[in-house]
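Overview (structure and organization)
Here is how the chains run, residue by residue.
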Amino acid sequence: MSTPTPFAGGTYTLFNDHHGKALTAVKDAVEVVGEPYAEDKLLVQQWEFIPFSGGFVIRLPLLAKRDGPAFLTFEGKLSDGQIVKLGTHPMVWNVSCKREDNGSEIVRLCTSRFHVDLDYHAGRKVQLIHYKQGEKCQRWYARRCDFTTGLRRSLLNSHVVGGLDLEREGAVARNRVAPGPGPHILLNGAAGRALDVSAQGRRAIKCWSMHKERNQQWEFIPIGDTTDYAIRSGIEAFDGRPLYLTVEAPAKERAAVVASPYPVPWRVEWSKMDASGDAYRLHWPGTNFFIAVDGTQEGANVRLTGFSPNKGQLWQALLL
């Protein structure tokens, strides 16, 4: 299969090659189904392809879940018939593209050997199915969307879309200054200890005294042309996959912060800590939750907590 893709910014509606239906988010951005295209479904039938780690994170850009941004993903075992849905934890999809003789772009969305498929009979259930050559249910026409000025104005005038305050989100984005390239140690402002991935289990995140080994090193990776960042650990999983900062689902008060092979977006917000220098808050987008240390002792747990002015939510980024 060919690998070039046409997704140079913008949003796209995906029409199934067999049924002609559009990939559509339903039920408060929880489920994904095939439905006829309609002008009044602009918020739930447009998708953004964000380049990341050799593939694409696929986001529903104009509508969010109640607990954060909405990304195309699945839960459970990778198998035939597994339901494709929306979640706050993005996954990286392999996206192949082929240009038809009529100029249309046909894409396939896949992970491993499984492709996103619209069920043959009813044309509503979106699922993972093993790759089948020439199977039209696994092929999607990508049509670039063009917003009218009126649509843009109506969205912005509403201020809140899918639980996101657009004015606040825009103000935060304009004032953000994230750490630059290179590995950083993230030192907590209250505990004075470093964000640390367990070298044994490669999942638990705690705060320990700074030693600057790889399991205390972090890189901030921009996700496409967005203002969010994946935060990658200097240590890899036992199978060689990179590890990223994430949370135990769902994202809620006191959810554990952990390491996972699946990247998620973090909003990185600059803050002046004190005379010792700049610091950052690591914010789960679309919520009021930030990464904080749960105490100042060695091995303190790291969790999501609601916004607080205390230094437990502030992290200094020390470039190595």
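All values derive from a computational prediction rather than experimental measurement.

This part is about the environment of Val268. Mapped onto the fold, Val268 is located in strand S22 (residues 267-274). What makes Val268 buried here is its relative accessible area of 0%. Between the alpha carbons of Val268 and Trp284 there is a distance of 9.0 Å; along the sequence they are 16 residues apart.

Moving on, we get to the packing of aromatic side chains. Overall, the coordinates contain six aromatic pairs when judged by the stated rule. Measuring from ring centre to ring centre gives 6.1 Å for Tyr12 and Phe49, while their planes differ by 90 degrees; the resulting arrangement is edge-to-face. One end of the pair, Tyr12, is in strand S1 (residues 11-16); the other, Phe49, is in strand S4 (residues 48-52), and 37 residues separate them in sequence. We classify Tyr12 as buried; its relative accessible area is 4%. Looking at Phe49, the relative accessible area reads 4%, which means it is buried.

Before going further, it helps to spend a moment on the pairing of strand S10 (residues 114-118). A regular strand places its side chains so that they alternate between the two faces of the sheet. Counting buried positions along S10 gives five out of five residues, so the element sits mostly inside the fold. Burial along S10 is two-sided: Phe114, Val116 and Leu118 facing one way and His115 and Asp117 facing the other are all buried. Of the strand pairs in this sheet, S10 and strand S11 (residues 126-130) are connected by five bridges, and their pairing is antiparallel. Each residue of the ladder has a partner; that of Asp117, found in S11, is Gln127.

Definitions and limits used
Numbering of residues starts from 1 in each chain and follows the order in which that chain's sequence is written. Since the coordinates come from a predicted model, pLDDT governs what is reported: local features require at least 70, and pairs of side-chain atoms require 80 or more to be given and counted, while whole-chain, interface and lining totals use all residues. Calculated side-chain values reflect all of the structure's heavy atoms, with hydrogen atoms and water omitted. Counting from the N terminus, the helices are DSSP H or I runs at least four residues long and the strands are E runs at least two residues long. For each residue, the accessible area found with a 1.4 Å probe, counting protein chains only, is set against the maximum for its type, and the residue is called buried under 20%, exposed over 50%, and partly exposed in between. Aromatic pairing here means that ring centres of Phe, Tyr or Trp (its six-membered ring) are within 6.5 Å. Orientation follows from the plane angle: under 30 degrees is stacked, over 60 is edge-to-face, and everything else is tilted. Two strands make a pair as long as DSSP finds a minimum of two bridges between them.

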